[in-house]
Structure formats: C-alpha cells, structure tokens
Amino acid sequence: MSDEKAKRESREQTPSPSEKSLTSKERDTVAENSSLSSLTVYSIILREGEEELERPKISLWWSGVAAGLGISTSVLAESIIHANLGPDHPYLTLIASLGYSFGFVLVILSRLQLFTENTITVVLPVLAQPTRNGFYCSARLWGIVLAANLCGTFITAAIFVHGGILPADTLTAILEISRHLATLTPAETLLRGIPSGFFIAAIVWMLPSAKRSEVLVIVMFTWLIAAGDFTHVIAGANEIFALVVNGEMTIFTALLYHISPVLIGNIIGGTGLFAMLAYGQVQEEM
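Let us look at the structure shown here. (Residues numbered from 1 in each chain as written. Predicted model: local features only at pLDDT ≥ 70, side-chain atom pairs only at ≥ 80, totals over all residues. Heavy atoms only, no water.)

### Examining the overall build of the chain
Thinking step 1. The number of helices and strands found in the chain is 14 helices and zero strands.
Thinking step 2. Ordered by position from N to C terminus, the α and β elements of the chain give α-α-α-α-α-α-α-α-α-α-α-α-α-α.
Thinking step 3. Counting contacts in the chain only where the partners sit at least 6 residues apart, residues at least 24 apart contribute 82% of the total.
Thinking step 4. When the accessible surface of the chain is summed, it comes to about 14,200 Å², and 62% of that surface belongs to carbon and sulfur atoms. (Helix = DSSP H or I, 4+ residues; strand = E, 2+ residues; numbered from the N terminus. Contact = heavy atoms within 4.5 Å. Areas by Shrake-Rupley, 256 points an atom, 1.4 Å probe, with all protein chains shown as cover.)

This is the structure in structure tokens:
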C-alpha cells in the first residue's frame, strides 16, 4: 500500500471531532454526500476509457454515426430560435445559444460516441500505461469515431438543405449561421477550438460528480461555447457541410480550411490541456 493510499484509508476510518457526536447512520449520510475526490473521478473516467478502447469497431462506427446525427440537433434548435426571434432581437445570440445545447444533451446522455469526449476519456488509459498497443487502440478509436461523426453530420446537413422538411425561415437561419462560421480564418477557428475542447473535456470530468444535475452542467458549458463564438469540430462540421451540399463550398475546402483547424484546436484543448492537467493532479496519489 502506498503512503498516499494509507493516508486516505486513515482519514476515512478516523472520524472528525464533529462526526464523533453523530450516529452511525448520520455518518453514513455524511459519507454519501461528500464530493468525489479527484482520484475517484479519474478512476471512473479511466474505467470508461478502458471499456471504450475494447469495443468492436462496428459498434464504435454506428455509435459515432448516431452521435453525428444527434449533435446536428444543436444547429437545428439554434436555427429555430434564431428564425423565430428574428435577426433584430437585442439578445438573439444569448438566447439562440441555448439551442446549441440540445444536441450535446442528446449525445452525452445517450452515451453516443462523440469525438471531443474521447479527447480525454480514451487518453487517460494511455497516459496511465503508455504502450504501443494503447496508442494504436486510441488512434483506431479516434479515427473511427471522427469519420463516423462527420458522416452523420453530412447526412443531416443534406437532409436539412435538400430534404424539404424545414420551414424556409429555419433553413435560411441554418445557412446564415453556417456562413458566419465560414468567415473565420483557419487560424481563428483553431484558436477558438481550444476553449471548446477544454470545456467538453471538463464536462466529462464533472459528470461523475454532477449528482442528478447532468443536464444543467452540459447546458451551461455548451451554451458558453456557442455564446462565446468558440468552435466545435463536430457541431461545426454540420454547419460547414450545409454550405457544401448547398453548393457554396467544395468538400476539399470544407475539410482542409474549416474542419481540420477546429479538430486540431479541440485536441489541444481537450487532450493537450485538460487531460494532461487531470492526469497531473492525481499521478502522485496513485
């Protein structure tokens, strides 16, 4: 047993001065309502990451496609609010950004494979045991999930633009939002992708401690991504693909100049910053 583990065992078994006056049932209540330690949260996410790395390729693919379809709900909900409030509403951005949270709530609570969640979940097992097979399995999962997510967002973009299922004002709002994203330079989309990657990784880290407030946590931080005009590779791909299927952009331009920079930014924010910091704060306690 490590010294740190022994200290934690001792703290758990030794009641504090105030706890000595409590009944055993009351002490159990105190334990149940205590916040999860960083090491506990790390262990939960590490276990989830190990399970994801062992899933069959076909399961990852279809879960990723479903996530791409589901995350497009963000663009749809945001556009519906945008269309109904009108472009002159003084708080249009702040209110419409709430719609951006819909797709993330759907995808995260449905346990679907979203690429930006995996910038922390499947990275922690590799940081814990950096083996060649671990790097291969992580790269395999990233590749499958990213391709599946993009496939799902492309399908929904085509349905939005050519499916004839949306009111004209909603479709117009989708294209307006998409054109705004397309005005950003590759450098701008990369830099704005870093906070998004960090926030999504933070959501993954916070959910084990959310205690039935999961929806609120997801809504708060995904609203911040939209309201702050930050960029998310999968939700943003749906917007960019809408311009592709509308004939305003080539697929090459979409992938190279708009999607790839955001991808890099999200990885830097999710893996390069948050995952490394999360691992760093617990490695001496293990």
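### Overview of the layout of surface pockets
Thinking step 1. Here the second largest pocket defines a volume of roughly 430 Å³.
Thinking step 2. At the level of secondary structure, the elements contributing two or more residues to the lining of the second largest pocket comprise helix H4 (57-85), helix H5 (92-96), helix H10 (168-182), helix H12 (214-227), helix H13 (233-245) and helix H14 (251-280).
Thinking step 3. Counting residues per element, the lining of the second largest pocket draws most heavily on H13, which supplies six residues.
Thinking step 4. Looking at the lining of the second largest pocket, its residues break down into 14 nonpolar, nine polar and four charged. (1 Å grid on protein atoms, 1.4 Å probe; cavity = no way out; pocket = protein on both sides within 12 Å on 5 of 7 lines; lining within 4 Å. Points joined across faces, edges and corners; volume = space filled by probe spheres on them. Nonpolar A, V, L, I, M, F, W, Y, C, P; charged D, E, K, R; others polar.)

### As for the pattern of salt bridges
Thinking step 1. Inspection of every chain in the model, using the stated rule, returns four salt bridges.
Thinking step 2. With its nearest N and O atoms 3.7 Å apart, the salt bridge here joins Arg-111 to Glu-48. One end of the pair, Arg-111, is in the loop between helix H6 (101-109) and helix H7 (118-121); the other, Glu-48, is in helix H3 (residues 38-53), with 63 residues separating them in the sequence.
Thinking step 3. Residue Glu-48 is classed as partly exposed on the basis of its relative accessible area, which comes to 23%.
Thinking step 4. The closest approach of N and O atoms between Glu-248 and Arg-179, which form a salt bridge, is 2.7 Å. Within this pair, whereas Glu-248 is found in the loop between H13 and H14, its partner Arg-179 is found in helix H10, the two being separated by 69 residues in sequence. (Salt bridge = Lys/Arg side-chain N within 4 Å of Asp/Glu carboxyl O. Buried < 20%, exposed > 50% of the residue type's maximum accessible area, 1.4 Å probe, protein only.)

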